[in-house]
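Coordinate analysis (summary)
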Amino acid sequence: MNITLLKHEFLASIKLFSIIIAVLMLYIISIVYMYNPEMSNTLNQLTESMPELMAAFGMSNFGDTIIEFLSTYLYGFLLLILPLVFVIMLSNKLIIGYIDNGSMGYIITTPNTRLKIVVTQAFFLIISLFALLSITTTVTVIFCELLFPNELNIAAFITLNFGLFLLHFAISGFCFLISCSSKDLKTSYAYCVGIPIMFYLIEALSNLGGALEKLQYVTIFSLFDPQKLIAQDTLALWMLLSLFIIGAVCYTLAVRIFVKRDLYL
Amino acid sequence: MKMIEVHSLTKKFGDFYSIQNVNLEIEKGEVFGFLGPNGAGKSTTIRHLMGFLQATEGHCSIKGLDCRQSTATIQKFVGYLPGEIAFIDKMTGKQFIRFIAQLRGLNDLKRADELIEYFELNATGLIKKMSKGMKQKIGLVCAFMHDPEIVILDEPTSGLDPLMQTKFIEFILAEKQKGTTILMSSHMIEEVEKTCDRVAIINAGKIVATEKVADLKKRKSKKYMIEFQNESELSRFMDESYVAEQLSPTKAIIIVQGEIQVMLQTLAHYHIVDLDIISQSLEDIFMHYYETGGQES
């Protein structure tokens with residue numbers, strides 16, 4: 001791990017981090033604010049009036065408790081997509097961005113091994129993602145406690161967010177792998193945006209139910225199941241483990257590829 | 001022990017050989033020029049030395065350390081200037097230099113400041129907004145700021161104005177005095193002539209020749225463009241035993257190898273309006289090597 005490089009990446013990505021956090025905060029706070037034990041009836045009516053559309057965004061069951069309300073409202077779309085944007089941008093910047101603009105030539109010609117550099121970048125990506133989700137989790141908990149004391153099941157909520165972190169850990173591993181193995185920035189972005197979005201769309205389709213439900217076996221997003229996580233189902237634990245393995249394998253491969261690859265700098 | 005060694009280095013992309021069987025040996029304190037046209041394989045060879053590429057065949061080492069295995073150790077005493085001018089755009093020149101120094105674990109920026117002053121670099125602005133020459137100077141500062149024993153420069157003067165090029169040549173000569181081993185690639189024969197002890201000429205991925213610069217100079221033919229007063233003077237001159245090429249009724253280019261004293265004496269017998277020295281381009285040198293097949297040393 002190289003501290004100078006970590007410090008540099010921190011300063012260079014603080015803007016992106018702040019923007020993503022700010023947007024998330026805005027949404028989270030207004031959605032927590034919207035929660036009203038009686039209101040879920042209205043929302044359920046809305047779901048009944050256009051079930052397909054709401055289901056596509058994972059908003060099929062608003063439930064009665066605040067945690068179910070939050071999980072359907074936030075964890076079906078917003079907390080999947082915004083951290084994804086953050087992960088895609090950061091993972092591309094950390095490796096292929098430097099290769100593409102040539103500045104990697106200066107970074108790896110310092111007395112630091114490629115291994116050290118790529119591990120530093122991977123660590124930074126994971127730690128940033130962890131910080132992002134920790135902040136949103138903490139803020140949500142505090143805000144819920146302020147507005148609706150003792151309504152939120154904190155243990156279940158933390159499990160839910162841990163699941164979300166592992167989902168994004170797996171996706172970030174994939175993006176980092178692409179970033180380390182691509183020829184140029186454009187190709188890398190194409191795969192990093194294309195494949196997760198495709199997975200998300202498949203997930204949305206599978207949520208519609210019926211014959212399409214089988215599609216859930218081909219998308220990574222179904223490994224993150226808010227309902228099961230809240231219920232602390234054992235199956236959910238296996239799903240978390242799979243997410244962790246996917247992420248760990250991707251990161252390991254990414255590091256190996258970066259250390260071995262040819263660089264034209 | 002040789003400072004830089006390259007043994008039968010070959011890099012293949014599909015069916016295309018980027019470089020083929022390249023051999024180089026550079027002694028301590030030597031300034032070694034690497035000449036060749038664009039795409040000849042200069043940068044590819046240098047990238048192998050920096051450990052960026054995995055050779056298809058052969059290997060290279062710096063101070064006896066394998067370039068692919070011991071990259072981090074090698075970087076402690078090597079300075080490198082990439083051929084492509086590229087930095088982190090969002091930083092200022094100063095920030096970038098400091099960043100690279102910190103990555104090197106270098107706390108003393110005295111040498112960097114000296115270099116900034118020497119190259120008249122204004123490093124306070126954003127790199128994005130700098131001219132090509134300014135960016136190149138930042139690269140030079142980064143390559144030399146840790147007082148490296150060995151420096152590898154990929155086309156160091158590209159982007160520099162003529163005044164700065166002269167200053168750069170002086171700088172290289174001063175480094176040479178200090179005993180620094182330098183490998184620099186170039187496609188400009190003048191700067192190589194002025195600084196290097198030996199030179200390797202590469203074309204289409206193969207080393208065509210490795211020569212001492214002093215020998216090269218001796219064998220280098222010179223071209224003179226001469227304008228005669230009238231046609232008869234020219235036709236009279238064409239009977240002399242010189243390799244000459246007539247351009248117009250009164251103009252001709254003559255090629256002289258080695259001594260020019262004889263030629264000047266001959267010319268004194270003619271009425272001449274103008275005499276111009278045509279500096280020999282790299283291409284001409286190549287032509288020379290194609291014709292003779294080059295001398296492998």
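Notes on the structure follow.

Basis of the calculations
Residues numbered from 1 in each chain as written. Chains lettered and ligands numbered in written order. Predicted model: local features only at pLDDT ≥ 70, side-chain atom pairs only at ≥ 80, totals over all residues. Heavy atoms only, no water. Helix = DSSP H or I, 4+ residues; strand = E, 2+ residues; numbered from the N terminus. Buried < 20%, exposed > 50% of the residue type's maximum accessible area, 1.4 Å probe, protein only. Areas by Shrake-Rupley, 256 points an atom, 1.4 Å probe, with all protein chains shown as cover. Lys, Arg positive; Asp, Glu negative; His and termini not counted. Charge placed at Lys NZ, Arg CZ, Asp CG, Glu CD. Contact = heavy atoms within 4.5 Å. Salt bridge = Lys/Arg side-chain N within 4 Å of Asp/Glu carboxyl O. Polar contact = N/O pair within 3.5 Å; in protein donor to acceptor, adjacent residues only side chain to side chain. Nonpolar A, V, L, I, M, F, W, Y, C, P; charged D, E, K, R; others polar. Core = buried A, V, L, I, M, F, W, Y, C linked by side-chain atoms within 4.5 Å. Patch = residues over 30% accessible without salt bridge, like charges linked within 9 Å, V, L, I, M, F, W, Y side chains within 5 Å. Pairing = 2+ DSSP bridges. Axes fitted to C-alpha atoms, helices over the stretch in contact; angles between N-to-C directions. Left-handed = near helix turned anticlockwise from the far one by under 90°.

**Side note on the overall build of chain A**
- If you tally the helices and strands in chain A, you get 11 helices and 0 strands.
- What you see in chain A, going N to C, is helices and strands ordered as α-α-α-α-α-α-α-α-α-α-α.
- Once the C-alpha set of chain A is aligned to its principal axes, its extents read approximately 65 × 45 × 30 Å.
- Burial status across chain A gives 51% buried among its 265 residues.
- Looking at chain A as shown, the accessible area adds up to about 11,900 Å², and 71% of this sits on carbon and sulfur atoms.
- Taken as two groups, the 12 positive and 15 negative side-chain charges of chain A have centres that lie 25 Å from each other.

**Quick look at the interface of chain B and chain A**
- Counting residues at the interface gives 27 residues for chain B, matched by 25 residues for chain A.
- In this structure, the connection of chain B to chain A is made through 1 salt bridge.
- Across the pair aspartate 262 of chain A and lysine 11 of chain B runs a salt bridge whose closest N-O atoms are separated by 2.5 Å.
- One can count 10 residue pairs in polar contact (both at pLDDT 80 or more) joining chain B with chain A.
- Mapped by element, the contributors of at least two residues to the side of chain B that touches chain A are strand E1 (4-13), helix H2 (71-77), strand E6 (78-81), helix H3 (93-103) and helix H5 (132-144) of chain B.
- Residue contributions to the side of chain B that touches chain A peak at 5 residues, all from H3 of chain B.
- For the side of chain B that touches chain A, a count of residues per class yields 17 nonpolar, 5 polar and 5 charged.

**Here we look at the nonpolar core**
- Grouped together as the largest cluster of nonpolar side chains are 155 residues, with contacts concentrated most on Leu70 of chain A together with Ile4, Ile62, Phe96, Ile152 and Leu153 of chain B.
- When sequence neighbours within four positions are dropped, the list of residues in contact with isoleucine 4 of chain B reads Leu24, Glu25, Ile26, Leu49, Ser61, Ile62, Ile150, Ile152 and Leu183 of chain B.
- If you look at the next biggest cluster of nonpolar residues, it comprises 11 residues, including Leu234, Phe237, Ala252 and Tyr270 of chain B.

**Digging into a nonpolar patch on the surface**
Residue and element names in this part refer to chain A.
- Together, Leu235, Trp238, Leu241, Phe244, Ile245, Val249, Leu253 and Ile257 give the surface a local cluster of nonpolar side chains, amounting to about 740 Å² of exposed area.
- Mapping isoleucine 257 onto the fold places it in helix H11 (residues 234-260).
- Exposure remark for isoleucine 257: the relative accessible area of 31% places this residue in the partly exposed category.

**So, the sheet that holds strand E2 (residues 16-26) of chain B**
All names here are of chain B.
- Judged by pairing direction, the sheet is antiparallel, and its 4 strands sit side by side in the order E2-E1-E4-E5 without closing on themselves. Because the sheet does not close on itself, it has two edges, and the strands there are E2 and strand E5 (65-66).
- Pairing analysis gives 5 bridges linking E1 to strand E4 (residues 57-62), with the strands arranged antiparallel. Directly across from threonine 10, in E4, lies its bridge partner glutamate 57.

**Brief notes about the side chain of glutamate 155 of chain B**
Residues and elements named next belong to chain B.
- The topology assignment puts glutamate 155 in the loop between strand E7 (150-154) and helix H6 (162-178).
- When its relative accessible area of 16% is taken as the criterion, glutamate 155 is described as buried.
- Dropping the residues within four chain positions of it, glutamate 155 is found in contact with Asn38, Lys42, Gln136, Ser185, Ser186 and His187.

**What to know about the pattern of salt bridges**
All names here are of chain B.
- Going through the model one piece at a time under the given rule, you end up with 15 salt bridges over all chains.
- One salt bridge connects lysine 178 with aspartate 147, and the closest N-O pair in it is separated by 3.2 Å. Of this pair, lysine 178 sits in helix H6 while aspartate 147 sits in the loop between H5 and E7, placing them 31 residues apart in sequence.
- Between lysine 178 and glutamate 175 there is a salt bridge, with the nearest N and O atoms lying 3.2 Å from each other. A residue pair is termed a helical-turn pair when its members lie 3 or 4 positions apart in one helix, as lysine 178 and glutamate 175 do in helix H6 at 3 residues.
- Each of Arg111, Glu114, Asp147, Glu175 and Lys178 takes part in one network of salt bridges that share partners.

**Remarks on helix H1 (residues 42-49) of chain B**
All names here are of chain B.
- For H1, a buried count of 7 out of 8 residues is recorded, marking the element as mostly surrounded by other parts of the structure.
- If you check which residues of H1 are buried, you get Lys42, Thr44, Thr45, Ile46, Arg47, His48 and Leu49.
- Count one or two residues on from H1 and you reach glycine 51, which has phi positive near 80°.

**Some points on the packing of helix H7 (residues 114-147) of chain A against H11 of chain A**
All names here are of chain A.
- Packing of H7 against H11 leaves a shortest axis separation of 9 Å and a crossing angle of 145°. Crossing angle aside, the handedness with which H7 passes H11 is right-handed. Each of Arg114, Leu115, Val118, Val119, Ala122, Leu125 and Ile126 in H7 lies in contact with H11, whose residues at this interface are Tyr251, Val255, Phe258, Val259 and Lys260.
- Here the residues of the contact of H7 with H11 sort into 10 nonpolar, no polar and 2 charged.

**Quick notes on the environment of lysine 110 of chain B**
- Assignment of secondary structure puts lysine 110 of chain B in helix H4 (residues 110-118).
- Considering only alpha carbons, one finds lysine 110 of chain B and methionine 145 of chain B, 35 residues apart in sequence, at a separation of 8.3 Å.

**A closer look at the pairing of E4 of chain B**
Residue and element names in this part refer to chain B.
- Here E4 runs beside E5; their pairing, made up of 2 bridges, is antiparallel. When the bridges of E5 are listed, serine 61 appears paired with aspartate 66.
- Counted between consecutive antiparallel strands, the loop separating E4 from E5 contains 2 residues, among which lysine 63 sits at a positive phi close to 50°.

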